[in-house]
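Breakdown of the fold
This is what each chain is made of:
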Amino acid sequence: QYVTAMIGLFGNASDRLCQKLDKAASDGEDVEMESLFSRLTLDVIGKAVFNYDFDSLSYDNGIVEAVYVTLREAEMRSTSPIPTWEIPIWKDISPRQRKVNEALALINNILDELIATCKRMVDEEDLQFHEEYMNEKDPSILHFLLASGDDVSSKQLRDDLMTMLIAGHETSAAVLTWTFYLLSKYPNVMSKLQAEADAVLGDGLPTIDDVKKLKYTTRVINESLRLYPQPPVLIRRSLEDDMLGEYPIGKGEDIFISIWNLHRCPKHWDDADVFNPERWPLDGPNPNETNQKFSYLPFGGGPRKCVGDMFATFETVVATAMLVKRFDFQMAPGAPPVEMTTGATIHTTKGLNMTVTRRIKPPVIPNLEMKIVSDSEGSTSSTASGEGQQVEVSTSQV
């Protein structure tokens, strides 16, 4: 029920991006799609998680910058050999750490205010909470959690929401970035994708029924996630001494699982490095559900599988279908080579610079049935009928 309500949110946010791209197409300007995808998914996650409108596709504000400062800091800390941010004197005099602390304070204050506002709304509701409860005016996760009455501290709730905010938008943005990079390299896939979008989507925003019919689009996203998994590495910590095959694992040790290598392993995949959405059957089981004996783990697997897998899949399917229905995408002339850098996700080193043009669909030619008759004087006339119209053309005998 929640994801169904979110389809409208995905459509509205994607439509705002379409409007921005339409202006760029009119002005003949190339666009950097990676940053636009980040803004798109940030707007989505803000509304979906705590009913906050970043509106980052329209303008820059302090909270957007704070989110990215925090995200890059998290990536840096995950790979830094020395925890400089814990050194008492350094963390107070370092310009970088001061900027990070200011960003964290801003985000925490906003989340605290949103939690307090939502608590007042829940207190004013006359409701009987149940598993299918959802507030129509505010279907956010925050509202649901507060309405459930779980005994959780505001700080824990705030920290959980920040995790969803930071991780929930960056991963989806990365999926869209690499999907459109791949589509620029495989025009035959783009053509099939556009044909499906033309057939399924009308002039309005997509519905849940439309999304279920976007089967080829879903397979494109699945294949993009196979080649560019987000995140590329999963980390699990051993709670007790154990054995992994022949390898002893000590209690408290961290296990790094390379999803990148797993998804490109020739033992599990034919033509493992080739972008081939057709490897997923259109009407077969969804690979996210079958997980193929854990050879495909775009959202992890087992008890720790990502809870947002359906949300992220529908979000990227809606955005992809709406964009390719209205525009053609090509790598911008003179754009720097697209290279990878990794952190929490795989992102580009210098952005995804593309030329975006409005699609021009060929005119529809009616299927005409021709009837040729001859009169007594040797003249002929051809009557063409189709689409409820008739046109008669006469010729003289030569």
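Residues numbered from 1 in each chain as written. Predicted model: local features only at pLDDT ≥ 70, side-chain atom pairs only at ≥ 80, totals over all residues. Heavy atoms only, no water.

Some words on the overall build of the protein
Our working definition: Only DSSP runs of H or I with at least four residues qualify as helices, and only runs of E with at least two residues qualify as strands; both kinds are numbered from the N terminus onward. Think of it in three bands: with a 1.4 Å probe and only protein chains considered, a residue is buried below 20% of the maximum accessible area for its type, exposed above 50%, and partly exposed in between. Residue contacts are counted whenever heavy atoms from the two residues lie within 4.5 Å of one another. Using a 1.4 Å probe, accessible areas were evaluated by the Shrake-Rupley method; residue-level cover was limited to the displayed protein chains.
In terms of regular secondary structure, the protein is built from 13 helices and 12 strands. Scored against the burial criterion, the 398 residues of the protein give a buried share of 43%. Considering only residue pairs separated by 6 or more positions, the protein has 66% of its internal contacts joining residues 24 or more positions apart. Within the structure as shown, the protein displays about 22200 Å² of accessible surface, and the carbon and sulfur contribution to it stands at 52%.

Quick word on the packing of helix α3 (residues 62-79) against helix α5 (residues 95-124)
What counts here: Whenever a helix is involved, its axis is fitted only over the stretch in contact; in every case the axis is a line through C-alpha atoms, and angles between N-to-C directions fall within 0 to 180 degrees. Roughly parallel covers angles under 35 degrees, roughly antiparallel covers those over 145, roughly perpendicular covers 65 to 115, and oblique covers all other angles. Helix crossings are classified by the rotation of the near helix relative to the far one: an anticlockwise turn of less than a right angle makes the crossing left-handed, while a clockwise turn makes it right-handed. Each residue is assigned to one class: nonpolar for Ala, Val, Leu, Ile, Met, Phe, Trp, Tyr, Cys and Pro, charged for Asp, Glu, Lys and Arg, and polar for all the others, Gly among them.
Direction vectors running N to C along α3 and α5 enclose 125 degrees, while the axes themselves pass 9 Å from each other. Relative to α5, the element α3 lies oblique. Crossing hand, α3 versus α5: left-handed. Residues G62, I63, E65, A66, V67, V69, T70, R72, E73, M76 and R77 of α3 form the contact with α5, whose participating residues are R96, Q97, K99, V100, A103, L104, L106, I107 and I110. Looking at the contact of α3 with α5, its residues break down into 11 nonpolar, three polar and six charged.

A look at the sheet that holds strand β1 (residues 31-32)
Test applied: Between any two strands, at least two bridges found by DSSP are needed for them to pair.
Spatial ordering of the open sheet is given by β1-β9-β6, a layout of three strands whose pairing is antiparallel. The sheet terminates laterally at β1 and β6 (327-331), the two strands that pair on one side only. Pairing geometry for β6 and strand β9 (residues 353-358), over five bridges, is antiparallel. Directly across from F329, in β9, lies its bridge partner V356.

Some points on helix α13 (residues 309-326)
Applied cut-off: One less than the number of residues in a helix, times 1.5 Å, gives the span that helix is expected to have.
Taking 1.5 Å of rise per residue, the 18 residues of α13 would be expected to cover 26 Å, and the 26 Å separating its terminal C-alpha atoms lies within 8% of that figure. Burial of α13 is extensive: 16 of the 18 residues sit out of reach of the surface.

Observations regarding helix α1 (residues 2-27)
Here α1 is 26 residues long and its end C-alpha atoms lie 38 Å apart, about the 38 Å a rise of 1.5 Å per residue gives. Two residues or fewer past α1, G28 is found with a positive phi of approximately 70 degrees.

Some words on unusual backbone geometry
As a rule of thumb, non-glycine residues mostly have phi less than zero, and peptide bonds are mostly trans rather than cis. Following Q230, the chain continues into P231 via a peptide bond in cis, with omega recorded as 5 degrees. On the secondary structure map, P231 appears in the loop between α10 (215-227) and β2 (233-237). The backbone of N51 shows a phi angle near 55 degrees, a positive value even though the residue is not glycine. Along the chain, N51 turns up in the loop between α2 (33-50) and α3. Positive phi values are uncommon outside glycine, yet D271 reaches one of about 45 degrees. Overall, the relative accessible area of 59% leaves D271 in the exposed class.

So, a nonpolar patch on the surface
To be explicit about the condition: Patch definition: residues with relative accessible area over 30% and no salt bridge; like charges joined within 9 Å; nonpolar side chains (Val, Leu, Ile, Met, Phe, Trp, Tyr) joined within 5 Å. By convention in these notes, a salt bridge is any Lys or Arg side-chain nitrogen within 4 Å of a carboxyl oxygen on Asp or Glu.
Taken together, I82, I87, I89, W90 and I93 make up a surface patch of nonpolar side chains, about 510 Å² in accessible area. Take I87: it is sitting in the loop between α3 and α4 (90-93).

Description of the UniProt feature "binding site: heme" (unreviewed entry) in the protein
The condition that has to hold: UniProt positions are given in the numbering used here, feature names are shortened, and annotations may be inferred rather than shown by experiment.
Those places that UniProt annotates as "binding site: heme" (unreviewed entry) correspond, in this numbering, to C306. Tracing the chain through its elements places C306 in the loop between α12 (287-290) and α13. Residue C306 is classed as partly exposed on the basis of its relative accessible area, which comes to 37%.

Thoughts on the pattern of salt bridges
Applying the stated criterion across every chain, the model contains 17 salt bridges. Each of E73, R77 and R96 takes part in salt bridges that share partners, so that together they form one network.

Comments concerning the environment of C265
In this fold, C265 is placed in the loop between α11 (259-263) and α12. With a relative accessible area of 19%, C265 lands in the buried category. A sequence separation of 30 residues divides C265 from S295, and the C-alpha atoms of the two residues are 8.7 Å apart.

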